[in-house]
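# Examining the three-dimensional arrangement
Listed below, chain by chain, are the residues.
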Amino acid sequence: MSVDVHRLAAASTNSAPAMDEDQDEFEDACEDLSDSELDIDVSLYHPSGQDLESSLIDARKSINYFFNNQFDEARLTLKAFQDTSLYHSLGSSVFCFLEAVLTFRTKHIKAASAALKTCVSVCEQHRRKNTMYETIGKMVKRPNYNSYTPMEIHAELCYAEALLLKSILTFVEDETLVTFLKAGLKIRSCFNSYKECAEILKNRDWTNDPHKVIPPPPPPPPLHFIGFGGNKSFGLQELEHGFKLKTGLRQILCVMMLLAYNLLVVYVLSHTDGDLELCEKILEEQLGQYPKGVWFLFFKGRLEFMKGNLEEADKWYIRSWQSQSKWPHFHHLCFWELMFVHALRLDWRLANEYAERLVTQSRWSRTIYQYQQAAILLMIKDLSPEEQDKVEELMRTAPDYKQRLAGKSLPMEKFVIRKTERYFAQKKFLILPGVELVYMWNLFKTLRNKWSVAENIYKLVEKTLKEFDETKKYASDFDADNRALLLLLKGALLHVMGSPLQAQQCLQKVIALEKQIQDDTHIVPYALVELAVIAINQGEKEQAIQLIESARKNYTGYSLESRLHFRMHSIMLDLGAQKKNHDVEDALGNGDGDGDENGCYNTRL
């Protein structure tokens, strides 16, 4: 969340044909293609060698090829030594990992897992081999890190990175508890390896040493359940420091993590905005270096989207999708974003064209895709009989494609399946399902500075609420649920439009309907969190805490509960930030560390 397509609206009006389920959609990045199958001169991309210096050179070449959309060239640069050389192996496994997360297809996940297993083995061969005496001695005395060779230092960091990627894949390889526990053990090993890298960074004499190693990033926030902590602000500072140095193999990793966090994670899982000024600066530099790079064109589109510049976002997403055809699954990310860009503009016809492409071309979650297309079609006035039949077919069959990852159903899939059931229970209608999806993906916040766009959606909600009150058009056994949804949407829009008192009145009405709501039990806790954010903006922190505590303690088992808990957790951390002011040493697990020294990077890494 792809096929080689051209400009959707301007260049073509024909829908792409559905693809055969057994047909490979694109050339596998991990597949060992013969040289004759590649439309390039492979002799130009033979690697330099397996020694550390040569592998670093090849890794840099591969990175430049990759971010210039030369994916075959990037792979070929690493291919010859991918089973024996440190950075050739890590680079090849990263490409396989990206393919796996873009497709979520079983064969790609298995291929990526195998590549990462090989990479871990290669790293193990080059890591420091401690004697039993040295292992015991580490408990009471710091090792002599000056005795570590450059290869051993690099191997430790590559080992941590490979383990992290391998553990992520382990969560989705199968659904057993044993596999789940294995993933936790891999992450713990990864975490310990990162801590070792931090110790090396801090205690080795780096004078005239060209191989200084990057500090470890903080552990992912969702991993607290297996005993990890972290300091988000320190981690972000380190990533920004890595970006500013402009050099090193992992500078681009810092760039990608900063963009992903500030433009994706923050907007989906929190109540705040990302650092858009930093993203603007990063993208200006990266697009200068990689003007046709698919990733940076995409992030530029996302930046404009988050700023509420919908027309600009449309242009950049299209440029991203048209910039390459080797990895067409990446197109689906653009289609997803473009679908919501046009939904916010209330251009439901064009939004439907992108939704249709996701249904026919992507296998990421057909259940979600089908419901989203049906929801968008229901927003269009005067559907033809054929289109109405299409809606019913999409709603009827969407539950057939539900998935399980890591033994769990996808929360959004469970949500949309309940909505398909509701559609038929209400005699084939839903209340503003397209606008509801925009809200549930937390996209109203992009409208704070775009009054005209927010006002158009507000007018639609207000008109529907009036029809609900004055006619029998939406009469059903779920009247309280439908009214509560309309009031939630209205309150959230009033909030982003700068009318907090009116927003509060709407949201209080939602809460008053609690005992009458039959199915949409998520609406009340979502309304409480909306009220908490309003209270924060008005400086009423104690009230905000009370509202969050009420939502957290008094409601459970509702749709998309985990997503709302992420937002509640983010709010509570912000409200209690002064009481939880961890310093740099705590973040790294070093009681006597120096923050400035830990922030140092080297031009080689």
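The chain is annotated in an unreviewed UniProt entry as Tetratricopeptide repeat protein 39B-like from Megalurothrips usitatus.

Relative to the helices and strands, His-495 resides in helix 20 (residues 479-496). Residues His-495 and Arg-448 lie 47 residues apart in sequence; the distance between their C-alpha atoms is 8.7 Å. The contact partners of His-495, leaving out residues within four places of it in the chain, are Ala-503, Glu-530, Val-533, Ile-534 and Asn-537.

The next subject is helix 8 (residues 232-244). In a regular helix each residue adds 1.5 Å, so 13 residues correspond to 18 Å; helix 8 covers 18 Å between its end C-alpha atoms and thus fits that length. Where helix 8 is concerned, the buried positions are Phe-234, Gly-235, Glu-238, Leu-239, Gly-242 and Phe-243.

Next up on the list: the packing of helix 15 (residues 366-377) against helix 18 (residues 433-440). As a packed pair, helix 15 and helix 18 sit with axes 7 Å apart at the nearest point and diverge in direction by 130 degrees. Regarding the angle of helix 15 to helix 18, the classification is oblique. Note on element contacts: helix 18 touches helix 15 through Pro-433, Gly-434, Glu-436 and Leu-437, opposite Tyr-371, Gln-372 and Ala-375. Residue composition of the contact of helix 15 with helix 18, grouped by class: 4 nonpolar, 2 polar and 1 charged.

Remark: helix 21 (residues 500-512) packs on helix 22 (residues 523-537), axes separated minimally by 9 Å, with the N-to-C direction vectors making an angle of 155 degrees. Relative to helix 22, the element helix 21 is oriented roughly antiparallel. Judged by the twist between their axes, the crossing of helix 21 over helix 22 is left-handed. Contacts between helix 21 and helix 22 involve Pro-500, Ala-503, Gln-504, Leu-507, Gln-508, Val-510 and Ile-511 from the former and Ile-523, Val-524, Ala-527, Leu-528, Glu-530, Leu-531 and Ile-534 from the latter. For the contact of helix 21 with helix 22, a count of residues per class yields 11 nonpolar, 2 polar and 1 charged.

For the coordinates displayed, the defined rule picks out 25 aromatic pairs. Between the aromatic rings of Phe-66 and Phe-67, the centroid separation amounts to 5.1 Å while the plane-to-plane angle is 90 degrees, which identifies the pairing as edge-to-face. Note on Phe-335 and Tyr-354: the rings are 6.0 Å apart at their centroids and 40 degrees apart in plane angle, and the pair reads as tilted. Of the two residues, Phe-335 is situated in helix 13 (residues 329-344) and Tyr-354 in helix 14 (residues 348-361); the sequence distance between them amounts to 19 residues. Tyr-354 matches Phe-335 in its accessibility class, with the two residues each being buried. Through a chain of ring-to-ring contacts, three or more aromatic side chains come together here, namely Phe-66, Phe-67, Phe-71, Phe-95, Tyr-290, Phe-296 and Trp-327. Lying over the aromatic face of Tyr-159, Arg-127 brings its terminal NZ or CZ to 3.8 Å of the ring centre. Across from the ring centre of Trp-441, 4.3 Å away, lies the NZ or CZ of Arg-563, which sits over that ring.

Parameters at a glance
- Residues numbered from 1 in each chain as written.
- Predicted model: local features only at pLDDT ≥ 70, side-chain atom pairs only at ≥ 80, totals over all residues.
- Heavy atoms only, no water.
- Helix = DSSP H or I, 4+ residues; strand = E, 2+ residues; numbered from the N terminus.
- Contact = heavy atoms within 4.5 Å.
- Expected span 1.5 Å × (residues − 1).
- Buried < 20%, exposed > 50% of the residue type's maximum accessible area, 1.4 Å probe, protein only.
- Axes fitted to C-alpha atoms, helices over the stretch in contact; angles between N-to-C directions.
- Parallel < 35°, antiparallel > 145°, perpendicular 65-115°, else oblique.
- Nonpolar A, V, L, I, M, F, W, Y, C, P; charged D, E, K, R; others polar.
- Left-handed = near helix turned anticlockwise from the far one by under 90°.
- Phe/Tyr/Trp six-rings, centres within 6.5 Å; stacked < 30°, edge-to-face > 60°.
- Lys NZ or Arg CZ within 6 Å of the ring centre and 35° of its normal.

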